[in-house]
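Tertiary structure, described
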Amino acid sequence: GDHDIHPSVTEIAEDIAEMEIRGAATIADATARALAEQAAGSDAATPEAFESELRDAARRLLDTRPTAVSLPNSLRYVLQRTEGETVEELRESAVAGAREFRDRLDSAQTDLGSIGANRLRDGDTVLFHCHSTDVMACIRAAREQGKSIDAIVKETRPRRQGHITAKQLRELGVSVTLIVDGAAGRYLGDADHVFVGADSVTADGSVVNKIGTRQLAVTARERDTPIVVAAQTLKLDPTTLTGQTVEIEMREESEVLSEGDRAEIGDITVENPAFDVTPPRYVDAIVTERGQFPPESIVFLMRELFGEQASQPWEE
Ligand code: RUB
């Protein structure tokens, strides 16, 4: 039951739901850390009780936000490596699995960054949407290669993650122009590339990312501006191999409209989807730590890495 869930797990789950912890890779890192805290802090008397608590903790973490597949992939990784005959063995393997997952996440991001940076030339202008640590790894690597980069950053309503991107780009010595989302079409002509991240990539090569990505990709295609998705393989959704679809999170209307404005306008419906789906035909390349792929070929990598692992180890 919930009483055996470690307070750190509850805290991390609340931070994810409230978006204090956000972005697909950062969420996955935090959920692996949460399972490690659960394992390390458990006072379960039997191996069965230990495993049942760990599954409860995993379900609590899953119950936060539905779209980023990195979250269940993180739980899969740790739970599949939790094995042993005794509580102590289970504990050690869970903690080691979480540690290994987080190390691999870091090194995947570094490897992905140097591949993504190869696409960038000295003096290029890049247009950004939302905030992605996988994208930032590409820009960091390009800067380390001594390339000068100019940035156009979309604000990204309603949560304005563009502000995070703008600040981090400045810290990397990139000159930044911030625009409202509606101005993207006007400024695409100045951009050599669009770089976006992903919350999930499906078996057909569709990219699930922050709302507005699809509209941006369609407009970029129309202007022949390449659209690059930086997504480590943790973003590949193995359940889509068997036809499952990705749930798009719907968030509260208060992110879009204040109570005062709502009262003023009257009886309307407000919709606030957090993500959208960009079909593969609008994506030029998916950059992973394993190399760069045309979106239509990502299914082969997905089968290789996850084919037999789309289990639900958190189910009882
Ligand atoms: C974040 C978002 C990011 C991806 C990739 O949405 O859509 O582009 O998660 O980020 P939110 P990363 O702010 O709603 O979580 O590359 O860091 O995994």
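Residues numbered from 1 in each chain as written. Predicted model: local features only at pLDDT ≥ 70, side-chain atom pairs only at ≥ 80, totals over all residues. Heavy atoms only, no water.

**Details of the layout of surface pockets**
Looking at the largest pocket, its volume works out to about 460 Å³. Around the largest pocket, the lining comprises 19 residues; the ones closest to its centre are Tyr77, Arg104, Thr233, Glu289 and Phe306. Among the elements of the structure, helix H4 (70-80), helix H5 (87-118) and helix H11 (298-306) are those that each provide at least two residues to the lining of the largest pocket. Residue contributions to the lining of the largest pocket peak at six residues, all from H5. (1 Å grid on protein atoms, 1.4 Å probe; cavity = no way out; pocket = protein on both sides within 12 Å on 5 of 7 lines; lining within 4 Å. Points joined across faces, edges and corners; volume = space filled by probe spheres on them. Helix = DSSP H or I, 4+ residues; strand = E, 2+ residues; numbered from the N terminus.)

**Observations regarding the sheet that holds strand E4 (residues 193-196)**
A sheet is described by the order of its strands in space; here seven strands give the open sequence E3-E2-E1-E4-E7-E9-E10, paired in mixed fashion. Both edges of this open sheet fall to strand E3 (175-179) and strand E10 (291-293), since each of them pairs with a single strand only. Across the sheet, the axes of successive neighbouring strands diverge by a mean angle of 25°, strand direction being ignored. Across three bridges, strand E9 (residues 285-288) lies against E10 in antiparallel orientation. Residue pairing across strands places Val287 opposite Gln292, the latter belonging to E10. (Pairing = 2+ DSSP bridges. Axes fitted to C-alpha atoms, helices over the stretch in contact; angles between N-to-C directions.)

**Things to note about the site of the ligand**
Around the ligand, the surrounding shell holds 18 residues, and the nearest of these are Arg22, Ser132, Thr133, Asn209 and Lys210. Separating an oxygen atom of the ligand from a side-chain N or O atom of Asp199 is a distance of 2.8 Å. Within the side chain of Asn209, a nitrogen or oxygen atom sits 2.6 Å from an oxygen atom of the ligand. The protein chains hide 100% of the 460 Å² of surface that the ligand would expose on its own. With respect to the detected pockets, the ligand is housed in the largest cavity. Listing elements by their share of the shell around the ligand, those giving two or more residues are helix H2 (24-41), helix H6 (133-144) and strand E6 (207-210). Taken together, the residues that form the shell around the ligand break down as six nonpolar, six polar and six charged. (Near = heavy atom within 4 Å. Polar contact = N/O pair within 3.5 Å; in protein donor to acceptor, adjacent residues only side chain to side chain. Areas by Shrake-Rupley, 256 points an atom, 1.4 Å probe, with all protein chains shown as cover. Sits in = over half its atoms within 2 Å of the grid points. Nonpolar A, V, L, I, M, F, W, Y, C, P; charged D, E, K, R; others polar.)

Limitation: the analysis is restricted to geometry and does not speak to function.
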